[in-house]
Amino acid sequence: MSRIRIATAEEVEEGKTVKFPFTRDDQPQEGFVGRFKGELFAYDNTCRHLPISLDYGDNRFFAPKGETLVCQTHGAVYEPDTGLCTRGPCAGASLYALKVIEEDGVLWFDEASLS
């Protein structure tokens, strides 16, 4: 398990996201961190409907108005602050939250937090 540097806190601007790789159960995964209403959030980049990424590899997670996250494949809509799917094929399910730590203006993900 290791600690992964994601980005500086200022690189994660309001309504923007930054993706980062990590490992779970010896399998490569991808997470993303973003900022919504001034607060950071981070989730596993896997739709709860089918195990596919929310974005098409283009780092676009927010819907055009910037108020929700959306799976580009099936249109599932998620709340950025809670990860709850409010509309779409997986309504009621939640994205898998990841714990991101901010230290001295840098965002980190500790794979040990998955245990």
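That block above? That's the structure.
Throughout this description, residue numbers start from 1 for each chain and increase along the sequence as written. Restriction of local features to residues with pLDDT of at least 70 applies here, the model being predicted, together with a cutoff of 80 or more for giving and counting side-chain atom pairs; totals for whole chains, interfaces and linings are based on all residues. Based on all heavy atoms of the structure, the side-chain values leave hydrogens and waters out of the count.

A. Examining the environment of Arg 5 more closely. Secondary structure elements are defined from DSSP: runs of H or I of at least 4 residues count as helices, runs of E of at least 2 residues count as strands, and each element is numbered from the N terminus. Within the secondary structure layout, Arg 5 lies in strand 1 (residues 3-8). Placed 95 residues apart in sequence, Arg 5 and Val 100 show a C-alpha to C-alpha distance of 9.8 Å.

B. Main features of the packing of aromatic side chains. Stacked, tilted and edge-to-face are the three classes assigned to paired rings of Phe, Tyr and Trp, where Trp is represented by its six-membered ring and a pair needs centres within 6.5 Å; plane angles under 30 degrees give stacked, over 60 edge-to-face, the rest tilted. Tallied over the full model, the rule gives eight aromatic pairs. Pairing Phe 32 with Tyr 43 gives two aromatic rings, centres 6.1 Å apart and planes at 55 degrees, and the pair type is tilted. With Phe 32 in strand 3 (residues 27-36) and Tyr 43 in strand 4 (residues 39-44), the pair connects residues that are 11 residues apart, well separated along the chain. Using a 1.4 Å probe on the protein chains alone, a residue whose accessible area is under 20% of its type maximum counts as buried, one over 50% counts as exposed, and one in between counts as partly exposed. Residue Phe 32 is classed as buried on the basis of its relative accessible area, which comes to 0%. Look at Tyr 43 and you get buried, because its relative accessible area is 3%. An angle of 5 degrees between the planes, with centres 3.8 Å apart, marks the rings of Phe 32 and Phe 61 as stacked. Of this pair, Phe 32 sits in strand 3 while Phe 61 sits in the loop between strand 4 and strand 5 (69-70), and the two are 29 residues apart along the sequence. Three or more aromatic residues joined by ring pairs form one cluster here, namely Phe 32, Phe 41, Tyr 43, Phe 61 and Phe 62. Taking NZ or CZ as reference, Arg 3 lies 4.6 Å from the ring centre of Trp 108, over its face. The residue whose ring lies beneath Arg 24 is Tyr 96, and the NZ or CZ to ring-centre distance is 4.4 Å. A positively charged side chain is recorded as over a ring if its NZ (Lys) or CZ (Arg) lies within 6 Å of the ring centre. The angle to the ring normal must also be within 35 degrees.

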